[in-house]
Amino acid sequence: MPSTTVWPRLRQFIAGLTRAQRRAVVAGVLLVTAPVWAVASVPVPPPVPADPPVLAAADRIRAERPAGYPVGGIDISSHDHRRFGIHWPTEVAAGSQFVYVKATEGSTYVNPHFAADYTAARKAGLYVGAYVYARPDRGDPVGQAEHFLRHARFTRDARTLVPFVDLEWPYAGVRTDDCYDLTTTQMRAWIRAFVDRIEAGIGRKPMIYTNTNWWNPCTGNDASFGGYPLDIAGYTARPPKLPAGWTTFALWQYRPGNPDERHDHDRDVVNGGPEALRALAWPG
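About the cut-offs
Residues numbered from 1 in each chain as written. Predicted model: local features only at pLDDT ≥ 70, side-chain atom pairs only at ≥ 80, totals over all residues. Heavy atoms only, no water. Helix = DSSP H or I, 4+ residues; strand = E, 2+ residues; numbered from the N terminus. Contact = heavy atoms within 4.5 Å. Salt bridge = Lys/Arg side-chain N within 4 Å of Asp/Glu carboxyl O. Buried < 20%, exposed > 50% of the residue type's maximum accessible area, 1.4 Å probe, protein only. Pairing = 2+ DSSP bridges. Right-handed = clockwise from strand over helix to strand, strands pointing away.

A.B. asks: Explain the environment of Cys 218 to me, please; I cannot follow it from the model alone.
C.D. replies: Note that Cys 218 resides in helix H8 (residues 212-219). Along the chain, Cys 218 and Glu 168 lie 50 residues apart, while their C-alpha atoms are 9.3 Å from each other. Among all residues touching Cys 218, those that are not within four sequence positions of it are Asp 178, Cys 179, Thr 183, Thr 184 and Met 187.

A.B. asks: In this structure, what is going on with the pattern of salt bridges? I would like to understand it.
C.D. replies: Scanning all chains against the criterion turns up 14 salt bridges. As a salt-bridge pair, Arg 267 and Glu 91 come within 2.8 Å of each other at their nearest N and O atoms. Highlighted residues: Arg 267 in strand S9 (residues 266-270) and Glu 91 in helix H4 (residues 88-93), separated in sequence by 176 residues. You can call Arg 267 buried: its relative accessible area is 2%. Taken together, the shared-partner salt bridges connect Arg 60, Glu 64, Arg 255 and Asp 264 into one network.

A.B. asks: Looking at this structure, I do not really get the pairing of strand S1 (residues 72-76). What am I missing?
C.D. replies: Taken residue by residue, a regular strand's side chains alternate between the two faces of the sheet. With five of its five residues buried, S1 lies for the most part within the structure. What you see with S1 is no split at all: Gly 72, Ile 74 and Ile 76 on one side and Gly 73 and Asp 75 on the other are buried throughout. The pairing of S1 with strand S2 (residues 96-105) spans five bridges and is parallel. Bridged to Gly 72 within S2 is Ser 96. Handedness of the crossover is the feature at issue here: the chain leaves S1, passes through H4, returns alongside S2, and the resulting connection is right-handed. The pairing of S1 with S9 spans four bridges and is classified as antiparallel. In the sheet register, Gly 73 faces S9, and the bridge partner there is Asp 268.

A.B. asks: Sorry if this is basic, but what is going on with the pairing of strand S7 (residues 230-233) here?
C.D. replies: Neither face of S7 is open: one carries Leu 230 and Ile 232, the other Asp 231 and Ala 233, and all of them are buried. Bridging between strand S6 (residues 207-210) and S7 involves three bridges; their strand directions are parallel. In the strand pairing of S7, Thr 210 is matched with Ile 232. On the question of chirality, the crossover connecting S6 to the parallel S7 by way of H8 is right-handed. As judged from the three bridges shared by S7 and strand S8 (residues 251-255), these two strands associate in the parallel manner. In the strand pairing of S8, Ile 232 is matched with Trp 252.

Spelled out as C-alpha cells, the structure:
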C-alpha cells in the first residue's frame, strides 16, 4: 500500500482515540522499536584474536622431549582440569601431535571433561585416542570394557588412535594391595577378558599401558600379552626395561604431569616417528 494512503488513515485512527489510548499506542511503539535503535547505535566490536600460544612453555616442552623421539603428545584426565585445563595452542606450538583422553573407569564413572577435550583436540588437528583406567578390584572385566566402548567415541579413521587400558598401581583411595587384591592367576584372567572384549568391539588389539615394576609382580611375569601394543611408563632419561613378553614399545610416557602447574601434563613420545603414529590409527 502506498505511503501517501497509509499516513492519512493512521492520523485519522489516532485522532479518534482517547488520550489514554494514545498514550498506550505511543508506549507500545517505543517498546517495540527500542531494541532496534539500541542495536543500531552500538558499534560492532572488532573480531577477537585467536588465543596465542605461550611460547616459553612450548620451547620448554620441546627441549624436554627425549632425544631421538621427535613425535610427542600428552595423555590427560579430569585431573588436568583441577586448576588450569589444557591450552591447545601451546600444545600445537610445542609440536604435540597426539592426545589420549581418559574416558571411563570401572563400570560407572565417565570423565566429565572427556567429550570437550576429545572435540578440542580434534579441532586442534591432533590424533586423538581414548583410554580406560582399569579397576580389577571391581571384577566384571567384560562389563567395564563395554562401559568404555559405549563412551569412547571410536571412529575408524586415520586420525583416531587405538585405545589403551591403563594397568598400574592403585591410586590413593583405592584400598587394596598393589595388585588390587588379586592373585597373579586372577589378574591374568581379568586382563585377558577385558582386552578380548575391546578387541571384539573395535576389530584390533588395544594398547596396554603399564610399568614393568607393576606388570611383572602382578601378572607373575606373564609374557602372553607381548603381541599387544605397549605404552610403557618410565620417568628415566632412556626408555625403561620392558615387561615380560615385550621386545619393543609403541609409546613411552617419559614424564608425569602436575595439574597444579600450567601446561604440565603427562607427556609421551612415539617409538618410530610419524609413520609409527599413523600405524596406531585406522587406515584412511
